[in-house]
Structure formats: C-alpha cells, structure tokens
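Reading the structure
Below are the chains, spelled out letter by letter.
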Amino acid sequence: MERINVPPAGPSDLPLSLLEVGCSGRFELITHPVPGQPLPPQSTLPHGLPPTSLNLETEVEKQFLRDPAWLPIHDTDFAFQKFPKVSHRECNVDSLLSCTPSPLHSGLSVVRDPTSGMLLDFTEVLLENTCLSAKNSLSLQRQPGPPSESLRGSNTNYPFLPGGMEVLTLDQIKKKSELEEEIDFEKDLFRLAPGLKSGMDFTDKEAKIAKPEVNLMSLLSTFNDITDLQPETEEKDDGRRSDEVPVMPRTNSLEDLGIKEAAPSFISPEKVKDEKSKTKENPEAQKKWAIPVNISSPCDDFYKRIPNPAFKWPFELDVFQKHAVLRLEAHDSVFVAAHTSAGKTVVAEYAIALSQKHMTRTIYTSPIKALSNQKFRDFKNTFGDVGLLTGDVQISPESSCLIMTTEILRSMLYNGSEVIRDLEWVIFDEVHYINDAERGVVWEEVLIMLPDHVSIILLSATVPNAMEFSEWIGRIKKRHIYVISTVKRPVPLEHHLYTGNSTKTQKEMFLLLDAAGNFLTKGYYAAVEAKKERTSKHAQSFGTKNTSQNTSASQDRSVWLTLLHYLSQRQQTPVVAFTFSRTRCDDNARSLDSMDMTTSIEKAEIHSFFQKSLSRLRGGDRQLPQILLMRNLLKRGIAVHHSGILPILKEVIEMLFSRGLVKVLFATETFAMGVNMPARTVVFDSIRKHDGTGFRNLLPGEYIQMAGRAGRRGLDATGTVIILCKTGVHEMADLHVMMLGKPTILQSQFRLTYTMILNLLRVEALHVTDMMRRSFSENHRDTQAQEKRISQLKETLSSLPPLDTDGQLGDLMSYYHTVTELQTTTDALQRAILESVNGLKALSVGRVVLVNNKHHLNALGVILQVSNDSVNRTFTALIICDKGNEEGAGKSHTALPHLYNTALFIPEGPCSHTVQKLKLLDISAITVKTLKVIPDRIIDNYNKRQQPRFKHDPPGQAISTATQELLRLAEANPGGIATLDPVNDLQLKSVDVVEDSMRRRMLLESLRDFRCIHSPTFAEQFARVKERMSVQEELDRLLFLVSDQSLSLLPEYHQRIKVLQSLQYIDSGGAVQLKGRVACQISSHELLLTELLFENVLSPLAPEESAALLSCLVFAQNTQVEPHITSTLQESIDKVLSVAKRIGELQRDCGISQTAEEFVGQFKFGLTEVVYCWARGMPFAEIAFLTDVQEGTVVRCIQRLDEVLKEVRQAARIVGDSVLGSKMEKASLAIRRDIVFTASLYTH
C-alpha cells in the first residue's frame, strides 16, 4: 500500500482535529483547535501514537553506518573520513567511567515503645563490613556471589578464611610497619597534589551554626574518611587483609561504639575455648588437641543424654558408635578408626541426620568415584535429600547432603563456593588414603583450607598413629579432635592355609590364626608336611621339581576347582578371591568352565537383572565380547571385578554380589577399597603383589583391609580367610608379620603443586608457607612449645648482667668467637681422625692419649682395650688423676676451658689412677708415645680393688708402672705433649681435614694476640659472655626452627616460583598474571596445558583431533600397539612433546629434581587413535580392536578426558578465545555418548 502524502492544511481547509482518548481506540473530534498548534491526530497517551511504519533510512543508517563494527578492515582511512560525516555522534566521556556506587555504610533502625510496640523514631545505625565481597575478603561476612557461582565458586573468588589461621589482633594492627607513618590530621597534611598549581586550604573557617535537625548527608560526609581508608588499612608487613577485623568508626567517646559488644569479636574463638579448658583441666593436659575416648566403659546414660536422637537405627549401637554420636551432638570433631564392617557409616549417617535437623549441610567425600556412587544410593534411600558431585555427574546440588570426591571439595574451597557457608560437617571416608603418593596431598590441602565453623569427621581403617594424626589436625584447626578407635571385629576372622589340589586332597585346610588371634604353629607345620609328602612322591618318580614361584594354568585350575568344590560343599560361599593381576583374574574365571554354582531360580533372577541393567545400552554395545563373556560367567555364579571391566558391568556385578547371586568373585585389590561388599570367605591367590616398582609381600594394612571382607555381620559367626599354597608353603615369618604386624602408619604425602601455589598467590592474605607449615609433613614442629621457650630465653637474656667490654676487655667478644671456632674445628678434626682407618690403627692397646671429659682435663691416659662394636666404639683406658678423685666425684674441673691451654694435667698431691670406658669424643688427641702395658692384669687388679673388702689394697705392679710412666711423661712435657698430626702422620689427605688442620694452627696462633686475657676480671667476664652467648645461640636456633626458613619444602617452593616467573605465570612481585589465572582452572598437568593454549597448538586442529591429542594427559599406561594417526595429529604430538621438553628443561634449570625425560615421559599417546575414532563416531565394539588396553580403562580415560575438555573450555573463556571454547564443547559432545557415558546404575 502506498503512502499518501497529505499536504499541510491550508486556510481553506476545515479546522478539524482528532484526539485519541486513552488506549481503547475512542477518538474525539476537535473543531476549535488552539491557534498555532498543528492539526495531525493528537493523543492523551504519554508518548503519542505508535509509529505506523518505521523510517527505514534511519534504521539502515543506524545499523550499518553509525556502528563502528561495520567499518571495513582494510581501507580504514577512507572509511573514517566518511564515518564522521554520516554519523553525528555526541562525545560522552563520562560513559567511559563506570563506577559502582559505594555501598551505604549506615542504615535506619526503628525505635519502638517497649510496652505498646508503637513506632517512636528512626535512628541511624552504622553497618559493618559493607565493602566486603568475594573478590576482596576471606570473611564469612562478605556478600554472597551471583547464584551461578554458588556451587563451584569462581577462580577469581577468595576462599573463606581457613580455620586455625590467625586473624590479626588489635595489637598487631596497631604496630606500624616501616612503610607506615603516623599522620597528624591537624598539622601534617599535604596541601598540594603533585602536578597541580593550587592546593587545598585547611585553615579553620568560621563554622556556621548548625541547624538542630540531623541531615543524613552531613552524617555521611563525616564518615567519608572511613570508606576511603578501608582499602589502605592493609597491613604491609603481614600481608593479611584488614577486612578480617571490623573497621572502627572514628568517634570521640568509646560508649558510642559499643566497644563492650565489639571486644569479644577480637578474642579469637580458640582463646575462649582455651579459657574454658583451663578451668576444666590442668595446664599440662591443655596442650593436647587429640583426646582419646575410652570405649572400654559402657555408655549407660546414652538415652538419657540424647532423649530424642536425630536418627534412629533398627539395631542397638555399639559402644564406640554411641561415644561418637555423643561427640557429634556436642558438635565436636571426631576421628573414628575401626575395621571394615565395624559400622563406621553409623557416624556419617548421624551427622547427616543432625545437619538436616539443624537445616545445615554436610559434605561426604570419598577417594573413589565408584564409592561415591554407592554411598549416593545408600544415603538417598535413607535420607532422600542427597546430591552427588563428581567430575562428570551433578545430581541435585542444592541438597543438604552432598557426596563428592575430595578433589571437587578442594576446588570448592579454593574458589570460595557459597556451599561452605552452610556447611556443618565434612565427612572424610577412608582417610588412610592420605598415604596415596599421587593424591594424598589433596586430603591435607582440604583439611588445612576448611573454615573454622566446619566440624570434621574422619573415618579410617585401623591405623597405629591415629593420635598423632588427630593431634596434627587439632593443632592446625585449634580445636579438640576426639579419637575413637576399636580393634574389635563384629565378625571375628579365622585364617587358614590351603594345600589341596585334587579331589583326594581337597580337605587339606589348616587353621593358622584362630578367632581369638592366636598364631598356631601346629597348623603351619601340618601344611608343610602335607605339601612335602606329595612333592617327595613326585620327586621319587620324576626327579626333583623346579621350585619356581609361578604355577601353570592347569595347576591353577585344579587348585581352584578343588577349593571351590570344597567350599560350596561346606556352604562357605560367597567367596571373594583376591588375585593381584588382571589377566590372572580373567584366566582363573575362564578356566572354571565346568563349574556351575547357581540354581535355576537364581539363574533366572541373574538373567532378568542383567538384561534390565543393560537395557539402557545401544544394541551394538550389548554385544561387546566382554559383556557376552561376563553374562555367560554370571549365570554360573562366577564374576570378575577389576579396573579393566566396563564400569556398568562392574556395577551389575557389585549389585548381584551384594544380593548373594555371585558365588565366586575374582577381584583385584581395588575391590577391598571401601566398597562395602562383605563375603563369607576370602581367598588369597598369592601373598605377593607388584606395586609399580617390583614384587613384594602384602603389607599388614593391605592384608587386613582385604581379609576384612570376610564375615557378614548378622549372617556368619566367623569369617574365613584362606591363603592358597600353590607351589610351597609361604615362610612362617612372612605370614606372621602379615597377619599380626602393625598396619601402615598414616604418612604425609604433601608436595607442592603449581595449582596450589597459584591458588594461594592470588589471595594476598594466604601464603604458601602457611600451607607448608600446617602440612602433616611438618607435624614435628612444635611451634607453641618453641614460641614459649623463645619468650623465656628472651627474658633470660634481658635479665643477664651487662658485659663489661671497655679498655682491656675490648676484644672479649672476638676472643669468644675465636675460641668457639677453635673448639668446633678441633672437634671436627678429631671426628675425622677417629673415623679413619689410620686413626683407629693408632688407637691400639698401649697408645698414650689425651683425655678431656667431665672428670678430666688434659689428663694423660693409656689405652687398655678397644671394643669390637664399630658403631659405638669404646676404649678402656687407665687415666692419671688426683688422689681422692678416682670416681670423678670430686669437683669437676673448673679450670678455664676458654684459656685454650695445652698444659697437661699434673696431680697436685700424690698421683692416683682410674680405669674408665672412654667414648671417641673423650679422646682429644693421640700422642706420639706408646707404653708397654699388660691390659688384663691392670683391669683385673683395678676391678678387684673396686670391691669393698679389697678397697685399701695397694695397686698391682702393672698399674703402678703404667701410672708412673704416665706421670713421668706429663712432668717431662708440662706445656703440652707432641700429638700425631692428622695430615702428615696419619696420612689423611681429604680436603676437609687439611683445611681444618691449617685453620686450627692459625687460630691457635691468633689466640696469643688477644689483650683481654691479661685483664684481672677476665675469668668472670668470660663466664658472662659464655652464658649470654649460649642463651643467644639457643634463641637463634629456635628462631630459625620457628621461621619459614626451616621448612623442608621451602627450597622447592622457591624453585617452583622461579619456574612460574620465567614462564610469566606470575610477575616478579608474585602477582598472578593471565597465564597463572588460566593455570588455576586446570587440575593436573597445568603447565603443559596452559602453554599449549597460549602457543595455539589446539587452534588448527578439528574438535576430534584436539580430543585425541589431549588424551595424553589422562592415559598413563604403556601400550604394545602402535596407533595409526593423521599427519596433523602427528605434528601436534611432536609440538606437545617439544613444549613438554622445554618445560622439563626449565624445571631442571630452576633446580627441580625431576629430569626433562621423566617430565616428558609421563605423557603417553597410546590412546590417541582410539579417542580420535571414538570422537568421529566409531562404535565401541570396533574400537576395542584398535588397542590392547582393556575396555574399562578406555572408558575411564575417555570419562576423564571429558573433564579435561571442560577445563580447557573454561580456560579458553578466560583468555577470550571463544572459537577454541566452542571447539572444546563440540569435542566434549562428540565423546559423550553410548557406553562410555551411560549413567551409573547407583544414581538412577
């Protein structure tokens, strides 16, 4: 329809006009228009009528000409000349400055009449902590972040303040650092800002009389300085944020501030706790953070103390469970160490119930994803309100109980997740996993980073050092940990040896350790006999058999068939057979083709469950060889469980096993880790396993963990453990250690990772050294005791009398240092001589030596006997001494040790002698003299005269002669006797010895030049110096131990910082740069991945190629099959290796011990082809033929690869590379399909 242009109204046109009334479409005709107003339709709406058709020209101009994004890229000059003509853009400089309005620091509060509740007035109240946010504060008072970040947090957030980290006290804040100065706000203010001509005028003007009413603006202006100063109150010396301490508004009177209320917030909670505990217990016990709970006494008043518990069980609780529940009710942290199946889960369940009652949250962490899934199912059935967070699954994250792996909790803590605010309990299951070399550090990081309001529940197998571990946690968290450990098993175990291998010998099972824990050697010898009898018959007919450790498959088969027949006859099934090799598991299960252990009803049940579980798989995936094989085995009641089995199959097997339908399960050690699947009997195929470096016997802890699967609570009276003796019977000592030895102690596996360093560096208030100081590896540092001792020593120092170092005593201090150096040099020389072969040769019977110890000073002695003990060698020697000082009971020599005198000891009165055992250190020099002595006579005579009745007999001839000779030597050389020179006489030519002996000679000569020795008060003053210096030295030593310099990981920390600086992840001041921010996102191999991102290695690749390339970060096995890959992939692999080599060499240059080859060697490319084909849509059945890696491992790697792709996507988003981000998303979608990402049976 064409637009009709109506000409403007002329004088001859009728003066009519329309007015639209409201929105209903009614019009009114106006016949008397206002003169001077145009006639088009008018309206009563606020903005006139809607436009009938848009003006297309202005639209086009706005979209294409005025928008700079449409300008041509190449011919810019020409375009820019045109651009200003077309677009008339107003300059709006202010729009460039966006400044968020500062938060109000006061609010209004209502004053009510206390009786009637009527409103009387409004008063203004000051708000504290208004400027705190997740980006600048560790405080729980800060504002919550956006909802999208509430679960996982963000890597720009600060974490919450870890519990036990010291908040700054008022005194520390008052202390000024060197950079701060006191400013007098009256006189010292600068008037003129740099670069300006005119300044401020601070002179007092005549103040206007203020109006009586309060004006809000005037109030605000008086507080401006507070909000301005807030960021600057940062402590320079401590680097902690001031926002931990509420800012005190300035005011004239203290009452206005309500200091009374504010004061307690400065007293840290631990002080309050300490004061409570001081009143309760004596100060000695107060030092202990770990408190053992006595579970031998029954807990009778349990129901009185908890009349309505948060959770009720259908059974009566054990004593240790009751004690734990009582502790939880008091909101204490507990460490529960008990055997598997003792019922530790009760403690976790009660905590979850409590948190639901209190409307708070609980986090349950477990080391293994499979365990998380199982716990999710169990707790979901019990409590309902349960969520799950693992690397690839997120189910109802808003629940009150969240189950997750420890790594996810760590990242939530570092990223300041809002979940932490509501958290009441964190439950760590299987804490003994902290011994894991690879992942143990995560537990320590989480324990250190948890805030103060979170209580900790640790569940562990029995460990010998539970107290020490709890003491550590208590000390870093400054709270008591109650340790509840029980060694009682609900179902006791009986351990047997089995030597049968045929129908005839199938009953050869010998009890070795009974239920009471007695080791029966009788059973052991019976087993040896049974084995021997058979071997000898065999040897008679076929000659001796080679005694190799390994047995052939047919021998294995006959042993297993025999044993399983025997066990099923005795109704000892279900059986778990622990076998320490995956191939062995598979072979053993396959070899039992003739065994059928299930009834037809059970077969039907197994069949329907199997079909139902696998119905979620695609048709092709249901026909995988592993699945068909397992279905065949399962129908006969046999199954296999190890890491090479597909995850969904593993879950089917676990569920069938717990329902008692799997009669024999061949499993590797992982099955014993936390998976709560008790059996009737446990069989050990062998007691040796390969631990990655070599074969070794099982450790007691491992054996107990696995054997503990035997015995189902409430079903079996005892559990049976059987050790197969296939070749011969194992050594008795080995068995004894394994069954009755101490389990492995918890040891720190703390190590520095780049992610940890970067995460802590981006928060000024947390230092990596704080983390290192609090780690379990530094647990031996008893800082509190040392701090106490330091303050004592400082007091001692200040109370010591002042030194007189004037005039003649001017060089007293340097004299002291020379003497002490001489002492240490001599000691070092002495040690070198006495440890050398020639030195020990010289110290033979008859050698005259110089003795210096508590009782003798420069006394001559002669050696009579040398002990054979090479570690603590002692020398029996005859030494001359004063009459009456034979026992050394007289005054110990107070001759001046400082006067470095070489004068020999000569008795004042008659000469006596003593025979003593000397340590190496008592002999201060070996002289050049030897005497002819008869050692036995001297020693016998001396010992005889030690008896009371021969006490006054005269010494024998031999002793008298030797004593006289020694005295003659001493009198002949009163100034000192010639000693053997270590370099020339003893031929010790090592650099240290030569240097030390020259140094000693020099020091001895320099002693003569000191003036202070001639001063009359020298002895007294020297004693003072010595006392003062010994205190000072101990003080220095303690100060070093308390300081960060003594941390064992400090050198490595500096090396890693150097690496990060040279790669520009942080600047020279330690501030995290963009590369560092990216690396924070990545949980493993962070350096390599970040470098690949910044070097654009992933950009030219297609999504499936980049997924294949990144598989090297998650795959860690060696493969025999060489992958066939595209040329672009091969180039990228070479790039990855060169980047890795560069990082490895840089690390080496910065001093880190790992070689470049080791660093490069950890990236394995064996699965590149598999992942490439999988991402391109090849079915799983075909993929299995591309590699020799087992199906379960492939699935696990692809699942972990998906997590890596997510991390890279996040990182690409930070860098601003949206193309790479979307490429990673595509790659992620390409691999998330079919059997690899079928949801767990436990979560549906």
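Residues numbered from 1 in each chain as written. Predicted model: local features only at pLDDT ≥ 70, side-chain atom pairs only at ≥ 80, totals over all residues. Heavy atoms only, no water.

Where an unreviewed UniProt entry is consulted, the protein chain appears under the name Helicase SKI2W, with the organism given as Betta splendens. Among the UniProt annotations of the protein chain, the heading Catalytic activity (unreviewed entry) holds the following wording: "ATP + H2O = ADP + phosphate + H(+)". (UniProt positions renumbered as here; feature names shortened; annotations may be inferred.)

A look at the environment of Leu803
Among the structural elements, Leu803 can be located in the loop between helix H26 (783–799) and helix H27 (812–835). Look at Leu803 and you get partly exposed, because its relative accessible area is 28%. (Helix = DSSP H or I, 4+ residues; strand = E, 2+ residues; numbered from the N terminus. Buried < 20%, exposed > 50% of the residue type's maximum accessible area, 1.4 Å probe, protein only.)

Focus on unusual backbone geometry
Unusually for a residue other than glycine, His331 sits at a positive phi of about 60°. Locating His331 in the fold gives a position in the loop between helix H9 (319–329) and strand E7 (333–337). With relative accessibility at 29%, the residue His331 sits in the partly exposed group. In this model, Gln1064 sits at a positive phi of 60°, which is unusual for a non-glycine residue. On the secondary structure map, Gln1064 appears in the loop between helix H33 (1050–1062) and helix H34 (1074–1080). Judged by its relative accessible area of 55%, Gln1064 is exposed.

Focus: the packing of helix H36 (residues 1103–1110) against helix H37 (residues 1127–1149)
Two numbers describe a pair of packed helices, the interaxial angle and the distance between the axes. It is the contact of H36 with H37, at a shortest axis distance of 10 Å, that shows an interaxial angle of 40°. Classified by the interaxial angle, the pair formed by H36 and H37 is oblique. The handedness of the crossing between H36 and H37 is right-handed. When H36 is examined against H37, the residues Glu1105, Ala1108 and Leu1109 are found in contact with a partner set consisting of Thr1128, Leu1129, Ser1132, Ile1133 and Val1136. Across the contact of H36 with H37, the residue classes tally to five nonpolar, two polar and one charged. (Axes fitted to C-alpha atoms, helices over the stretch in contact; angles between N-to-C directions. Parallel < 35°, antiparallel > 145°, perpendicular 65-115°, else oblique. Left-handed = near helix turned anticlockwise from the far one by under 90°. Contact = heavy atoms within 4.5 Å. Nonpolar A, V, L, I, M, F, W, Y, C, P; charged D, E, K, R; others polar.)

Side note on the sheet that holds strand E17 (residues 575–578)
Pairing in this open sheet of seven strands is mixed, and the strands run E16-E15-E23-E20-E17-E19-E18 from one edge to the other. On the outer flanks of this sheet lie strand E16 (509–513) and strand E18 (638–641), each paired with one strand and no other. Between one strand axis and the next, the sheet turns by 25° as a mean value, whatever way the strands run. Across four bridges, the pairing between E18 and strand E19 (residues 664–667) is parallel. When the bridges of E19 are listed, His641 appears paired with Ala667. Packed onto the sheet, helix H16 (residues 553–569) meets strand E15 (493–498), E16, E17, E19, strand E20 (681–684) and strand E23 (719–724) and runs at close to 160° relative to E23. (Pairing = 2+ DSSP bridges.)

Thoughts on the pattern of salt bridges
Tallying each qualifying case throughout the model produces 30 salt bridges. Two residues, Glu407 and Arg439, come together in a salt bridge whose shortest N-O distance is 2.9 Å. Within this pair, whereas Glu407 is found in helix H12 (residues 406–414), its partner Arg439 is found in the loop between strand E12 (423–428) and helix H13 (440–449), the two being separated by 32 residues in sequence. On the basis of relative accessible area, Glu407 is assigned to the partly exposed category, the value being 25%. Salt bridges here are not isolated pairs; linked through shared partners, they connect Glu669, Lys689, Arg696 and Glu702. (Salt bridge = Lys/Arg side-chain N within 4 Å of Asp/Glu carboxyl O.)

Describing the confidence of the model for the protein chain
Averaged over all residues, the pLDDT of the protein chain equals 78, while 81% of them reach at least 70. E12 holds the highest mean pLDDT among the elements of the protein chain, 93, whereas helix H6 (residues 259–266) holds the lowest, 38. Here residues 225–286 is modelled with pLDDT under 50, and outside its nearest four sequence neighbours on either side it reaches 75 contacts, counting other chains as well. Low confidence marks residues 543–548, where pLDDT is under 50. Its contacts with residues over four positions away, or in another chain, come to five contacts. (pLDDT = per-residue confidence, 0-100.)

Details of the nonpolar core
Counting residues in hydrophobic clusters, the biggest one holds 210 residues, and the most contacted among them are Phe335, Phe428, Phe469, Phe578, Leu634 and Phe684. Broken down by element, this core gets its largest block of residues, ten residues, from helix H41 (residues 1191–1215). In this structure, this core is formed jointly by two domains, domain 1 (290–486) and domain 3 (1081–1231), each of which donates at least three residues. With residues up to four places along the chain from it excluded, the contact list for Leu634 reads Ile606, Phe610, Ala639, Val652, Ile653, Leu656 and Val662. Phe320, Ala342, Phe383 and Leu388 belong to the second-largest nonpolar core, a separate cluster that totals 38 residues. (Core = buried A, V, L, I, M, F, W, Y, C linked by side-chain atoms within 4.5 Å. Domains from an automatic or database assignment.)

Remarks on a nonpolar patch on the surface
Together, Leu108, Val110, Leu119 and Phe122 line one region of the surface with nonpolar side chains, adding up to about 430 Å² of accessible area. Those elements that provide at least two residues to the nonpolar patch are strand E4 (106–112) and strand E5 (119–126). As for its position among the elements, Leu108 is in strand E4. (Patch = residues over 30% accessible without salt bridge, like charges linked within 9 Å, V, L, I, M, F, W, Y side chains within 5 Å. Areas by Shrake-Rupley, 256 points an atom, 1.4 Å probe, with all protein chains shown as cover.)

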